[in-house]
Amino acid sequence: MIAPKSLFKRDSAINAADVPRRTFVRNALHGYEVKRDLNKAKFQDWQSARETASEIKFEGINHLDKYLAEFAKNAEARGTKVFFASTPTQAREYIINLAREKNVRSIIKSKTMTSEEIHLNDALEKEGFGVVESDLGEFIQQLRNEPPYHFVFPCMHLKRDEISQLFHDKIGSAQTDSPEELTMIARRFLREKYIQADMGISGANFIVAETGMISVTENEGNARLTTSLPKIHVALVGIEKILPKLEDLSLFLPMLGTAGAGQLMTGYNTMFGGPRQPGETDGPEEFHVVLIDNHRTELLADAEQRDALHCIRCGACLNVCPVFKNIGGHTYGTTYAGPVGSVITPHLRGLQDWKHLSGASSLCGACTEACPVKIDLHHHLLQNRRNAAAEKPVWWEKSLWIGFALLMRQPTLYYWLTKTAPIAQFFHPLVKGSILDPMQAWTRTREFPMSATTTFKDYWKQKKKQGAR
Amino acid sequence: MSSPSTADSRDALFARIREALANPAISHAHEHPVHPANVTPEATLSQWLPAVGATFEEQLDLFARNSVDLKTEFKVVASAEEAAAHLNALATENKWTKVATHRGSINDAVAAQLTTPVYRVDDQFDKVQLETCDAGITECEALVAQTGSVCLTAPSSGGRSLSVLPPHHVVLARRSQLIADLPAAYALLKTKYGAKGYPSFISFTTGPSRTGDIERILVLGAHGPKKLTVLLLP
């Protein structure tokens, strides 16, 4: 098994060199930015909206026990079954047992990143249940047997001819270069799956303590079909999705739409407050909400980075990130890519194994600025670096810093080193770019800047002598 | 492998949360709150959100402009007869063979004048039958001018499936149902259902079903309705 860091470095190099794919992704994200700015401008005060959203999430997360208990109480009062899962195993077992108990044959799913996190599809298939992803992007990724590239735009890295070929190979459709035709192929294929399925699995973007509801945001209508037709609806949700009040959604829904996809409102924002109630025409007989921890409480315990749990998974930080644009989503090797993924993954999956993600940042702060709930993302990346070094210092890093400190404290030594640098650089071409080159990481793909022939000390002395100011 | 009981796993999770929250959060975002301490954030939400005019005409105009952007067909009609005539024209144009609807005062007045056979989903219905209908005609809870959204609920809109399974969704609404913004929509829901219990299904439907998953190019009718028509009656 290759270490996550080695895999990350290897894939970064491969993907950063794939210029056509990079350009394609960059253009798609540019289109998003234009639409996002257009809708952001419609807000009377976007900055205050962010501040307020951040405060509401702060309240929810910092009283998580109180609001989760309130959610469970209110949901159960309407016939919803609430299960708290500490681990992925518990969540998977709960769903598998439920499916077995109810003689479920086929399962339809709408987009849920939490299920990616716990590898639910694999577990269900291993138990013999047919599982079909219904979100178009997720359906495509399922056919490709590949995780989503981006947690909001799952197949944004694919071109239409690749999708056409995929559909042709996997579901036997005719080739076409029209995105509309391709969408209709998926529509026709999935229609009967909705009708056949006995269980629908969704995620949730928000859970509302006050009313015991979950709120699901989507554009395609696949989540609505998934939650309307099958006789059982299971929602798999992270515990951090909490909002205290129902009306909080009047702020969060347009902010999620705007930051997430450049839409003032996403196509369907649906709140589910239970299974079919007396007097209602349709809807599932049973509604289960599986709330999962999976190390979120470890992030919660970090008083400094707790606000990372405010995240509403809009993907805005990925869309503006220069690192994401260059290395792409799969390179991260995580469920959640991009800046927020780099912040939270070390907490969810181990600091030492995932600390390299916090190094893959230019610290430009574009993510922090884009975040609709004002998570201090780029500072959290720095904190992860600090915490990783404090927990397990790297010997060569440490000795480098000792050497550097020594150098900076010895003016004479520093002077002679800068004085002789041009001479050393004269011989650099002998090893440049090779394995012997101490600057190899840099010089493999870039030129190293020439050092000045005069040191600053000499230059200053000369200026003074000339009487210049 | 034995899995822990529901109550055990709940207690364990709550214990971990309480332990984690023992240290207060260090956060920079909350040093300068925008709200005075005595004002609840909800009271001020409307002032950050997109502006909506105060008069009915301004709100109607905004809903109409949002509809254009969203590719919703929006039409103000003078009577149930005019609404039915419009639907009959749509039926001819789109070769509808069957439409579905639910019980309701506006629906009943319009459905009586339709030339297309009508399938009712009032109490029990067959989802396979509903899937073969060319249009689903529903009422709604409210129209939201700010976002061009239609607020649907199970009791007001014939349940969950009627508004999403057929390829064309038609909404019949009254002028009095047009409201300003999202906070007003939630206030309305609270007044109507807060005490007696919320419906199991509430949805803000904003335009027809759409996707941009393939090359970020907009395609309508991904899984839900390809077309959305909103008719505003007196």
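Our structure's up above, just so we're on the same page.
Residues numbered from 1 in each chain as written. Chains lettered and ligands numbered in written order. Predicted model: local features only at pLDDT ≥ 70, side-chain atom pairs only at ≥ 80, totals over all residues. Heavy atoms only, no water.

A. Broad picture of the interface of chain B and chain A. In this complex, chain B contributes 88 residues to the contact, which on the side of chain A involves 106 residues. Together chain B and chain A conceal approximately 8,300 Å² of surface at their shared face, both sides included; 58% is due to carbon and sulfur atoms. Counting across the interface, chain B meets chain A through 7 salt bridges. For arginine 10 of chain B, the salt bridge goes to glutamate 76 of chain A, with nearest N and O atoms at 2.6 Å. Remark: the boundary between chain B and chain A carries 50 residue pairs in polar contact (both at pLDDT 80 or more). Elements with a contribution of two residues or more to the side of chain B that touches chain A: helix 1 (6–20), helix 2 (41–48), helix 6 (127–131), strand 6 (149–153), helix 7 (182–193), strand 9 (201–205), strand 10 (210–211) and strand 11 (219–220) of chain B. (Contact = heavy atoms within 4.5 Å. Buried area = accessible area lost by both parts, 1.4 Å probe. Salt bridge = Lys/Arg side-chain N within 4 Å of Asp/Glu carboxyl O. Polar contact = N/O pair within 3.5 Å; in protein donor to acceptor, adjacent residues only side chain to side chain. Helix = DSSP H or I, 4+ residues; strand = E, 2+ residues; numbered from the N terminus.)

B. Here's a closer look at the packing of helix 16 (residues 338–349) of chain A against helix 20 (residues 377–391) of chain A. Residues and elements named next belong to chain A. It is at 9 Å that the axes of helix 16 and helix 20 come closest, and there the two elements cross at 35°. For the pair helix 16 and helix 20, the sense of crossing is left-handed. Here Pro339, Val340, Ser342, Val343, Pro346 and His347 of helix 16 come into contact with helix 20, specifically with Leu377, His380, Leu381 and Asn384. Of the residues in the contact of helix 16 with helix 20, the class split is 6 nonpolar, 4 polar and no charged. (Axes fitted to C-alpha atoms, helices over the stretch in contact; angles between N-to-C directions. Left-handed = near helix turned anticlockwise from the far one by under 90°. Nonpolar A, V, L, I, M, F, W, Y, C, P; charged D, E, K, R; others polar.)

C. Seen up close, the sheet that holds strand 7 (residues 232–238) of chain A. Residues and elements named next belong to chain A. The parallel open sheet is built from 6 strands, whose spatial order is 1-10-7-4-2-3. Two strands in the sheet have a free side with no partner beyond their single neighbour: strand 1 (81–85) and strand 3 (130–133). Recorded for the sheet is a direction-independent mean angle of 20° between the axes of neighbouring strands. As paired strands, strand 7 and strand 10 (residues 286–292) are joined by 7 bridges and run parallel to one another. Bridge pairing in strand 10 links isoleucine 232 to glutamate 286. Where helix 10 (residues 179–196) meets the sheet, its contacts fall on strand 2 (106–109) and strand 3, and the angle it forms with strand 2 comes to roughly 120°. (Pairing = 2+ DSSP bridges.)

D. Region of the structure containing helix 16 of chain A. Residue and element names in this part refer to chain A. In this model helix 16 runs 16 Å from its N-terminal to its C-terminal C-alpha over 12 residues, within 8% of the 16 Å that 1.5 Å per residue would give. Counting buried residues in helix 16 gives 11 out of 12 residues, a clear majority hidden from the surface. For helix 16, the set of buried residues is Gly338, Pro339, Val340, Gly341, Ser342, Val343, Ile344, Thr345, Pro346, His347 and Leu348. Where helix 16 terminates, the next one or two residues include glycine 350, which has phi positive at roughly 110°. (Expected span 1.5 Å × (residues − 1). Buried < 20%, exposed > 50% of the residue type's maximum accessible area, 1.4 Å probe, protein only.)

E. Up close: the pattern of salt bridges. Residues and elements named next belong to chain A. Within the structure shown, the criterion is met by 28 salt bridges over all chains. Ionic pairing is found between arginine 144 and glutamate 146, a salt bridge with its closest N-O pair at 3.0 Å. Note on arginine 144: relative accessible area 30%, which makes it partly exposed. One salt bridge in this structure joins arginine 386 and glutamate 304, with 2.6 Å as the shortest N-O distance. Of this pair, arginine 386 sits in helix 20 while glutamate 304 is found in the loop between helix 13 (296–300) and helix 14 (316–319), placing the two residues 82 residues apart along the sequence. Assessed through its relative accessible area of 44%, arginine 386 is described here as partly exposed. Accessibility expressed as a relative area gives 22% for glutamate 304, which makes it partly exposed. Shared partners join several salt bridges into a network, and the residues in it are Glu117, Glu240, Arg296 and Arg313.

F. Quick look at the pairing of strand 1 of chain A. Residues and elements named next belong to chain A. Buried residues dominate strand 1, accounting for 4 of its 5 residues. Bridge count between strand 1 and strand 10: 5 bridges; the pairing is parallel. Counterpart to valine 82 in the pairing with strand 10 is valine 289.

G. Just helix 4 (residues 80–94) of chain B, in detail. Residue and element names in this part refer to chain B. Under the 1.5 Å per step criterion, the end-to-end length of helix 4 is 21 Å for 15 residues, consistent within 8% with the ideal 21 Å. Listing the buried residues of helix 4 in full gives Ala80, Ala83, Ala84, His86, Leu87, Asn88, Leu90 and Ala91. On the buried face of helix 4, the contacting elements are strand 1 (73–76), helix 5 (105–111), strand 4 (135–138), strand 7 (168–174) and strand 12 (227–233). Directly after helix 4, the chain includes lysine 95, whose backbone phi takes a positive value near 55°.

H. Spatial organisation of the environment of leucine 98 of chain A. Residue and element names in this part refer to chain A. Looking at the element boundaries, leucine 98 is found in helix 5 (residues 88–101). Residue classification places leucine 98 among the buried positions, given a relative accessible area of 6%. Residues leucine 98 and methionine 199, 101 residues apart in the sequence, show an inter-C-alpha distance of 9.8 Å. With sequence-adjacent residues up to four places away left out, leucine 98 is seen in contact with Met199, Ile232, Val234, Glu286 and His288.

I. Up close: the packing of aromatic side chains. All names here are of chain A. Enumeration according to the criterion identifies 19 aromatic pairs over all chains in this entry. Here the aromatic rings of tyrosine 149 and phenylalanine 324 are separated by 5.9 Å at their centres, their planes lie at 65°, and the arrangement is edge-to-face. Taken together, the residues span a long stretch of sequence, with tyrosine 149 in the loop between helix 8 (136–144) and helix 9 (160–171) and phenylalanine 324 in helix 15 (residues 322–327) at a distance of 175 residues. Under the relative-accessibility criterion, phenylalanine 324 is labelled buried at 0%. (Phe/Tyr/Trp six-rings, centres within 6.5 Å; stacked < 30°, edge-to-face > 60°.)

J. Region of interest: the state of the cysteines. According to the stated counting rule, one finds 0 disulfides over all chains in the structure shown. Cysteine 151 of chain B provides the cysteine sulfur closest to cysteine 140 of chain B, a residue in no disulfide bond, and the two sulfurs are 7.6 Å apart. (Disulfide = S-S within 2.5 Å.)

K. Quick look at the sheet that holds strand 6 of chain B. Taken in spatial order, the 8 strands of this open sheet run 8(A)-5(A)-6(A)-9(A)-9(B)-6(B)-5(B)-8(B), and their pairing is mixed. Each end of this open sheet is capped by a strand with a single partner; those strands are strand 8 (242–243) of chain A together with strand 8 (178–179) of chain B. Pairing analysis gives 5 bridges linking strand 9 (residues 268–272) of chain A to strand 9 of chain B, with the strands arranged antiparallel. When the bridges of strand 9 of chain B are listed, asparagine 269 of chain A appears paired with phenylalanine 204 of chain B. Running at roughly 175° to strand 5 (residues 206–208) of chain A, helix 12 (residues 249–261) of chain A makes contact with strand 5, strand 6 (213–218), strand 8 and strand 9 of chain A together with strand 9 of chain B of the sheet. Sitting on the sheet, helix 7 of chain B is in contact with strand 9 of chain A together with strand 5 (142–144), strand 6, strand 8 and strand 9 of chain B, with an inclination near 160° to strand 9 of chain B.

L. Summary view of the nonpolar core. Judged by nonpolar contacts, the single largest core of 122 residues is most densely connected at Leu68, Ile214 and Leu291 of chain A together with Phe204 of chain B. Among the elements that take part in this core, helix 12 of chain A stands out by supplying 8 residues, more than any other. Both domain 1 (1–42 + 313–392) and domain 2 (48–294) of chain A contribute no fewer than three residues apiece to this core. Residue contacts for leucine 291 of chain A: discarding those within four places in its chain leaves Leu68, Phe71, Val82, Phe83, Phe84, Ala85, Ile207, Val237, Gly238 and Ile239 of chain A. Counting 28 residues, the second largest nonpolar core, distinct from the first, contains Leu158 and Leu190 of chain A together with Cys133 and Leu165 of chain B. (Core = buried A, V, L, I, M, F, W, Y, C linked by side-chain atoms within 4.5 Å. Domains from an automatic or database assignment.)

M. Local environment of the side chain of serine 342 of chain A. All names here are of chain A. Note that serine 342 resides in helix 16. Take serine 342: its relative accessible area is 3%, and that puts it in the buried class. Once residues lying within four places of it in the same chain are set aside, the contact partners of serine 342 are Tyr332, Leu357, Ser358, Leu381 and Asn384.

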